[in-house]
Amino acid sequence: MSKKTIFLADMESFYASVEASRNPALRGKPVAVCGDPALRHGIILAASREAKAFGIKTGQPAWEARRMCPWVAFVHPHMQTYIDYSLRITRIFEQFTDRIHPYSIDEQFLDITGLENLLGSPEKIAAAVNRRVWEETGIRCRIGMGENLLQAKMACDCFAKKHPDAFFGLNSANYADYTWGLPIKSLFGVGMRMERNFQGVGVRTIGHLAGLPREILRKRWGINGEVLWLNAHGIDYSLVEPGAVHEQKGIGHTATLPRDYRKQEEIELVLREMTEEVCRRIRRQRRIGSTVHLYCKGADFDRPSGFARQKKLPEATAAVMDVYPTVLWLFRKHWDRKPLRAVGISLTGLTAYRQLQLTFSEHYEREEALTRAVDRVQERFGKTSIFRASALTPGAQFFQRSGMIGGHDS
Ligand SMILES: [Mg+2]
């Protein structure tokens, strides 16, 4: 296989940058995107560069951020706008290459193999990409380059984000020199649990892991251990495919409930609302998903309960009436009847839906037409101008969540 040149383009403080892009009054100021503290959503989802300078971090409670910087501007999240910006940025990338693999809402892989002959050195191409994104959206883009996706991701996360040029390249020849001295938690794929495991056996750097025999990792941690060993060596067998079938993250939504939910009907209603939201977002991207993931978190802090389960759908879809029965099936099978604090639903295995259009059942078409009509009404008159009657029943989350996702904020 000939050598590839892969970029990973990452948007700096994406949600906060989008907010500053649509509201000039926020530019250059400490901005934190965060839900409503009264609804227990008071967690920072994104902080602008200026907010980060005060020590404000993603995942932090809002009150703590306020203490670090009393004049920080809190902004409600507008998920639909972030998705729209993400797609706009994809359009910009498409002017450079058609081999794009969206990895998450603010990270996309670009395969620029062979473009050097047309557009100049990778450094030049990266600078041009960054400039275009900045000029058209006001968002700062950072690019890591590698011979595969993993090297590009490592180059971006460990180096490009800190580099004045917002660009850094790794390759198979220099990978060890640059990365082996880094702490093990810097390695892509190492979460908190694996970091602890590795520390328990004296592996503190990426180099330590690379130096162990591959066999030991396979024996101890199975395929996951082996993949991490490959990552430590900069080896990655995945390829950038046009129209990316291997969607890593999928599209989903997690909500912390405003109180503990105990009644089955109430929880199932919230699940229904969330399924609608997730399916709508997927349809807007003209995609369909093949696997449903359901996550439920128990309300008892002392005795953690809950579950995360997934099930493949009989057929890829983005229709609520196809997805919701599987959500219910998962919920009824795994719920231990203990009160819940948070629930989440996502769909993965996303593909462009034109590829499978022929297998579409008739009700998908009908639901699609209905959804389009409802979307148009909501876009014109506000999210709460038309809704399902069930949104008025106790426990429904529609009105609270309308303020969070694409709602009309006052
Ligand atoms: Mg980012």
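Residues numbered from 1 in each chain as written. Predicted model: local features only at pLDDT ≥ 70, side-chain atom pairs only at ≥ 80, totals over all residues. Heavy atoms only, no water.

**Some details on the side chain of Thr205**
Then comes step 1: Tracing the backbone shows Thr205 in the loop between helix 9 (192–200) and helix 10 (206–211).
Then comes step 2: Assessed through its relative accessible area of 18%, Thr205 is described here as buried.
Then comes step 3: Setting aside anything within four residues of it in sequence, one finds Thr205 in contact with Trp180, Gly181, Leu182, Pro183 and Ile184. (Helix = DSSP H or I, 4+ residues; strand = E, 2+ residues; numbered from the N terminus. Buried < 20%, exposed > 50% of the residue type's maximum accessible area, 1.4 Å probe, protein only. Contact = heavy atoms within 4.5 Å.)

**What to know about the sheet that holds strand 2 (residues 31–34)**
Then comes step 1: Overall, mixed pairing links the 3 strands, which are arranged 3-2-4 in an open sheet. Each of the sheet's edge strands pairs with one partner strand only, and the pair in question is strand 3 (44–47) and strand 4 (73–75). Across the sheet, the axes of successive neighbouring strands diverge by a mean angle of 30°, strand direction being ignored. (Pairing = 2+ DSSP bridges. Axes fitted to C-alpha atoms, helices over the stretch in contact; angles between N-to-C directions.)

**Side note on the pattern of salt bridges**
Then comes step 1: Under the defined criterion, the tally for this structure stands at 23 salt bridges.
Then comes step 2: If you follow the salt bridges from partner to partner, you end up with Asp10, Glu12, Arg49, Glu107, Arg142, Lys153, Asp157 and Lys161 in one network. (Salt bridge = Lys/Arg side-chain N within 4 Å of Asp/Glu carboxyl O.)

**Focus: the confidence of the model for the protein**
Then comes step 1: Summing up the model confidence of the protein, the mean pLDDT is 84 and the portion of residues at 70 or higher is 84%.
Then comes step 2: Low pLDDT, under 50, characterises residues 239–248; the predicted model gives this stretch 24 contacts beyond four residues in sequence or across chains.
Then comes step 3: The model gives residues 404–410 a pLDDT under 50, and that stretch makes 22 contacts with residues more than four places away or in other chains. (pLDDT = per-residue confidence, 0-100.)

**A short note on the packing of helix 12 (residues 264–284) against helix 13 (residues 320–334)**
Then comes step 1: Remark: helix 12 packs on helix 13, axes separated minimally by 10 Å, with the N-to-C direction vectors making an angle of 140°. Classified by the interaxial angle, the pair formed by helix 12 and helix 13 is oblique. The handedness of the crossing between helix 12 and helix 13 comes out as right-handed. Side by side, helix 12 and helix 13 meet where Gln264, Ile267, Glu268, Leu271, Arg272, Thr275, Glu276, Cys279 and Arg283 of the first sit next to Val320, Val323, Tyr324, Val327, Leu328, Phe331 and Arg332 of the second.
Then comes step 2: Broken down by class, the residue content of the contact of helix 12 with helix 13 amounts to 9 nonpolar, 2 polar and 5 charged. (Parallel < 35°, antiparallel > 145°, perpendicular 65-115°, else oblique. Left-handed = near helix turned anticlockwise from the far one by under 90°. Nonpolar A, V, L, I, M, F, W, Y, C, P; charged D, E, K, R; others polar.)

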